[in-house]
Amino acid sequence: MLTLLVNLLSQTAEGPSQTIMAHLNSWLFLAIDLVLIILCVLRYIHSALKYRQYRFDLHQRLPPTYPSLIPFLEPIILFLWDAPKFLKGATSYAGSLTSTCIHFFPGHKILFFQDPETIQHIWKQSDKFNTVRMRVYAYKYLFGMPKKWASVYEADDSGPFPKPLQGSNVAPEKRIHRFLAEGIDKALTGPGFAPTLSRLQKAYVNQMSNLEIGQEWSEFEDFRRLIHMTTGQSTIEAIFGPNLVRLNPDFMEDLFQFDRALPWLSKGIPRFIMPTVYRTREKLHDNFVTWYKYARENFQDHLIYKDGDGDPFWGSNWMRQRQKTLAHIQDDITLASSDLGIAWASTENMVRNTVMAMIHILQDKNLVHRVRQELHDSFGDQDIKDIDPKLLGSNPLLSSIYAETLRLHVKTYTIIYSSHSNVPLGRYLLPKSSVGLVNSHFSHMNTDFWNTQNGLHPLDSFWADRFITDPADQSSGPLSPERRKITTASATQIVSREHSGLHFSTDGLDGSWIPYGGGRLMCPGRFLAKNSMIFTFATLVSEFDIEFKVDNIELESKSFGFGTDSPKKPVPFRIRRWRRE
Ligand code: HEM
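Residues numbered from 1 in each chain as written. Predicted model: local features only at pLDDT ≥ 70, side-chain atom pairs only at ≥ 80, totals over all residues.

Looking at an unreviewed UniProt entry, the protein carries the name Cytochrome P450, with the source organism given as Xylaria bambusicola.

Rendered as structure tokens:
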């Protein structure tokens, strides 16, 4: 301003009236700018005060609006620039996790629910949410479902649960999401679970022996690829049978490439910018169609295995059920896009978490030793492939490594939406037609909740024992000392008293350890994931020596909100068989 004044006064010779006009214009713009800035600051102060006040008003039912200096533009830019950093600030208040409402566009708000109490209410009310929109988005944009069929899926607003959602009028024979959910439940949490796990274990042992790793070091280019081609492929075989991959030898490699491109597909990047990704997806669809034809020609009922679940052509009752209920009402590419969704959901989070667990174990020689010792103490010289994976899962150290890996690396959103009615969530409310989000990462980093043993084991670091409770040691267990005091009468304490020795438990962690979501929205594959992860890392540690050939393994950030961390670049390693002296 001072410079402008000096300039104005110092004008003499040429065109003084023009110069004065130009400066008057500048003054005018400056004044408008100033008024705008003052208005923004006043608006910010007002919303910040309201934000503070509102938080304590128990009668209000929406989380308070997050204040921003420049409405709409600021949250969008900050979110796109660094979502984890922006949301970390927005979802905490005075050092504690909170719920907040962010306005990204005029009339479009997203409610971020992060305080543990509200999250517990969300899980309790989870059968009231309609997740169809999110699924259809995934089918369409990620897995390539033809638009015509995606809209048929969208039209079914009755939800996946036995009882249709309130306000929905879809005829029972058109409840497509219920058909899908029935198949999923039976396969992963019902009678199909044990046979599927047993097929997975056998397939994994086969994959590992095919690698022919001996007493001498063998070198490989990428550790994640190893896990994808062994644990990942075994899961595909356990669910789809051996013929999907046998008929399509590139299937696993294409799935690997597809997974890497998924964050871009989720942003709606069009085909002309990344044609190869779209071609890979179409190739995967064609792979499924080739397999459908082969299985339809060869399958007969009497080929179903004695366990009543598996068969050599469709692989599992789950796939037979999908063919029976879906194949006659939709075309093969639509079915293939939905099967691609299953292939991706059942492998990639599990593969990434197994990779991360192995990285943490191998980076700590003492932990490698402890895992080997635990296995030896519990199972003696029994061959790992003969041990029931469920028994491995009952070992506190192995379970704690598994749970801590998921706590540290799963960074996924649970999306909630109610199309027909408002849903009360304790002190807050999810209004009808509003979108709510819960992100596992912020809950997993909640310093109020988790035990760090007085900062010895910060929440952004891996502590293999975080989930182990020793009844004789008050500083052990997943809960912080303050949280432990609050939950004296909670399930965790009851469980603790029931156990006389060291034990693993996730009881009492409902609103805080949420890698799989919660309530009726919880991942149905969690039992398979836990057993398979533990079986894989117990096998790799007890039977092999593995050394990474890089010191620092950088993690990629693209997958935030989308699933699990993974190394940014291929991690070269060497491997040989290990024998106890
Ligand atoms: C550590 C590994 C895994 C993690 C962290 C994980 C996490 C999740 C999450 C957060 C959801 C979304 C829940 C929702 O909001 O609706 C989900 C859904 C799903 N997961 Fe997993 N998952 C894992 C492994 C698996 C495995 C091994 C399978 C299958 C064998 C599987 C099958 C599914 C299916 C089918 C759905 C969709 C459920 C539906 O549409 O009703 N997941 N998973």
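When helices and strands are counted, the protein shows 21 helices and 14 strands. The C-alpha radius of gyration of the protein comes to 28 Å, within 12% of the 25 Å expected for a compact globule of 581 residues. For the protein, the spread of C-alpha atoms along the principal axes amounts to about 95 × 60 × 55 Å. Taken across its 581 residues, the protein has 37% of its residues classed as buried. Of the contacts made within the protein by residues no fewer than 6 positions apart, 69% connect residues no fewer than 24 positions apart. (Helix = DSSP H or I, 4+ residues; strand = E, 2+ residues; numbered from the N terminus. Rg over C-alpha atoms; globule rule 2.2 N^0.38 Å. Buried ≥ 20, exposed ≤ 12 C-beta atoms within 10 Å, placed from the backbone. Contact = placed C-beta atoms within 7 Å.)

Before going further, it helps to spend a moment on the environment of His328. Assignment of secondary structure puts His328 in the loop between helix H13 (317-326) and helix H14 (332-362). Overall, His328 belongs to the exposed group, with 7 C-beta atoms counted inside 10 Å. Separated by 189 residues in the primary sequence, His328 and Tyr139 have C-alpha atoms spaced 19 Å apart.

Around the ligand there are 24 residues in total, and Ser346, Asn349, Cys523, Gly525 and Ala529 lie nearest to it. Of all elements in the fold, only helix H7 (176-188), H14, strand E6 (410-417) and helix H21 (526-543) reach the threshold of two or more residues within the shell around the ligand. Counted by class, the shell around the ligand contains 16 nonpolar, eight polar and no charged residues. (Near = placed C-beta within 6 Å. Nonpolar A, V, L, I, M, F, W, Y, C, P; charged D, E, K, R; others polar.)

What follows covers the sheet that holds strand E12 (residues 544-548). Taken in spatial order, the three strands make up an open sheet running E5-E14-E12, and their pairing is antiparallel. Strand pairing shows two members of the sheet lacking a second neighbour, strand E5 (218-220) and E12, which therefore form its edges. If you compare each strand with its neighbour and ignore which way they point, the axes differ by 25 degrees on average. (Pairing = 2+ DSSP bridges. Axes fitted to C-alpha atoms, helices over the stretch in contact; angles between N-to-C directions.)

Their axes nearest at 9 Å, the elements H7 and H13 cross at an angle of 165 degrees. Here H13 runs roughly antiparallel to H7, going by the angle between their axes. Seen from above, H7 lies across H13 with right-handed handedness. Here Phe179, Gly183, Lys186 and Ala187 of H7 lie close against H13, whose contacting residues are Asn317, Trp318, Gln321, Arg322, Thr325 and Leu326. Residue classes in the contact of H7 with H13 are distributed as four nonpolar, four polar and two charged. (Parallel < 35°, antiparallel > 145°, perpendicular 65-115°, else oblique. Left-handed = near helix turned anticlockwise from the far one by under 90°.)

Splitting the protein by domain gives domain 1 (2-112) and domain 2 (133-409 + 519-577). The centre of domain 1, based on its C-alpha atoms, is set 46 Å off from the matching centre of domain 2. (Domains from an automatic or database assignment.)

Turning next to the UniProt feature "binding site: heme" (unreviewed entry) in the protein. Per the UniProt entry, the sites bearing "binding site: heme" (unreviewed entry) are Cys523 in this numbering. Along the chain, Cys523 turns up in the loop between strand E11 (503-504) and H21. Ignoring any residue separated from it by four or fewer positions in sequence, one finds Cys523 in contact with Tyr516 and Gly517. (UniProt positions renumbered as here; feature names shortened; annotations may be inferred.)

Bringing helix H5 (residues 132-142) into the picture now. Turning to H5, its buried residues number three or more, namely Val132, Arg135, Val136, Ala138, Tyr139 and Leu142. For H5, the elements touching its buried residues are helix H6 (147-155), H7, helix H11 (251-266) and H14. Following H5 by one or two positions, Gly144 adopts a phi angle in the positive range, close to 75 degrees.

Strands sit in the order E3-E4-E9-E6-E13 across an open sheet of five strands; the sheet is mixed. Only two strands of the sheet have a single neighbouring strand rather than two, namely strand E3 (100-105) and strand E13 (562-564). Going across the sheet, the axis of each strand differs from the next one's by a mean of 30 degrees, ignoring polarity. Bridge count between E6 and E13: three bridges; the pairing is antiparallel. Bridging from a neighbouring strand, Lys411 pairs with Gly563 of E13. The strands touched by helix H3 (residues 73-90) within the sheet are E3, strand E4 (108-112) and strand E9 (435-439), with E3 carrying the most contacts at an inclination of about 175 degrees.

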